[in-house]
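Topology and contacts: notes
Take a look at the letters that make up each chain.
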Amino acid sequence: MTEFDPEKFEDKYANYFPELQKAYKNAFERMNDTYDSELVHAIDQQILNESEPFYEDGEFTVELPENPTDRLTAIIVDDEKLDAVLSTYVEEIEAELRRVFGLDD
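Residues numbered from 1 in each chain as written. Predicted model: local features only at pLDDT ≥ 70, side-chain atom pairs only at ≥ 80, totals over all residues. Heavy atoms only, no water.

Enumeration according to the criterion identifies 11 aromatic pairs in this entry. Aromatic pair Phe 9 and Phe 101: ring centres 6.0 Å apart, planes at 90 degrees, arrangement edge-to-face. Separated by 92 residues along the polypeptide, Phe 9 in the segment before helix H1 (12-15) and Phe 101 in the segment after helix H5 (79-100) bring together distant segments of the chain. Like Phe 101, Phe 9 is buried. Here Tyr 16 and Phe 101 contribute two aromatic rings whose centre-to-centre distance is 5.0 Å and whose plane-to-plane angle is 80 degrees, an arrangement assigned as edge-to-face. One end of the pair, Tyr 16, is in the loop between H1 and helix H2 (17-34); the other, Phe 101, is in the segment after H5, and 85 residues separate them in sequence. Grouping aromatic residues by their ring pairs yields a cluster made of Phe 4, Phe 9, Tyr 16, Tyr 55, Phe 60 and Phe 101. (Phe/Tyr/Trp six-rings, centres within 6.5 Å; stacked < 30°, edge-to-face > 60°. Helix = DSSP H or I, 4+ residues; strand = E, 2+ residues; numbered from the N terminus. Buried < 20%, exposed > 50% of the residue type's maximum accessible area, 1.4 Å probe, protein only.)

On average, residues of the protein chain score 94 in pLDDT, and 97% of them are at 70 or above. Within the protein chain, the element-level pLDDT minimum falls on helix H4 (residues 68-71), averaging 91, and the maximum on strand S2 (residues 59-63), averaging 97. (pLDDT = per-residue confidence, 0-100.)

What follows concerns the packing of H2 against helix H3 (residues 37-46). One can describe the packing of H2 onto H3 by two numbers: an axis separation of 8 Å at closest approach and a directional angle of 155 degrees. Here H3 runs roughly antiparallel to H2, going by the angle between their axes. Seen from above, H2 lies across H3 with right-handed handedness. Facing H2, whose interface residues are Phe 28, Met 31 and Asn 32, H3 presents Ser 37, Val 40, His 41 and Asp 44. Considering only residue class, the contact of H2 with H3 consists of 3 nonpolar, 3 polar and 1 charged. (Axes fitted to C-alpha atoms, helices over the stretch in contact; angles between N-to-C directions. Parallel < 35°, antiparallel > 145°, perpendicular 65-115°, else oblique. Left-handed = near helix turned anticlockwise from the far one by under 90°. Contact = heavy atoms within 4.5 Å. Nonpolar A, V, L, I, M, F, W, Y, C, P; charged D, E, K, R; others polar.)

The next thing to look at is H5. For H5, built from 22 residues, the straight-helix expectation of 32 Å at 1.5 Å per residue is met to within 8% by its first-to-last C-alpha distance of 31 Å. Within H5 the residues assigned to the buried category are Leu 82, Val 85, Leu 86, Tyr 89, Val 90, Ile 93, Glu 94, Glu 96, Leu 97 and Val 100. Of the residues flanking the start of H5, the one acting as N-cap is Asp 78, its side-chain oxygen 3.1 Å from the backbone nitrogen of Glu 80. Of the residues flanking the end of H5, it is Gly 102, one or two places downstream, whose phi is positive at about 70 degrees. (Expected span 1.5 Å × (residues − 1). Polar contact = N/O pair within 3.5 Å; in protein donor to acceptor, adjacent residues only side chain to side chain.)

Here you go:
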């Protein structure tokens, strides 16, 4: 496990790229096991590819790109289902970030 330094996270891609990849991959695999794999893959490729993880006030958050639901064009899904799965996916990424960096309680 990597020693986490909040100040180093400001330059996260230089300091923590492997850990970020691992957290996103773990979240993808968990979501893919639970939800429709086509939807999970589309969200991963068309929405989360432009997401940005942040660490502030002791918490990880994932900021989505502007109008995330409008970005999804690979499959047809109703907005309510997309919002629910996307919200769960973001929660999974945040949980994985806490786990990968040893900050889960």
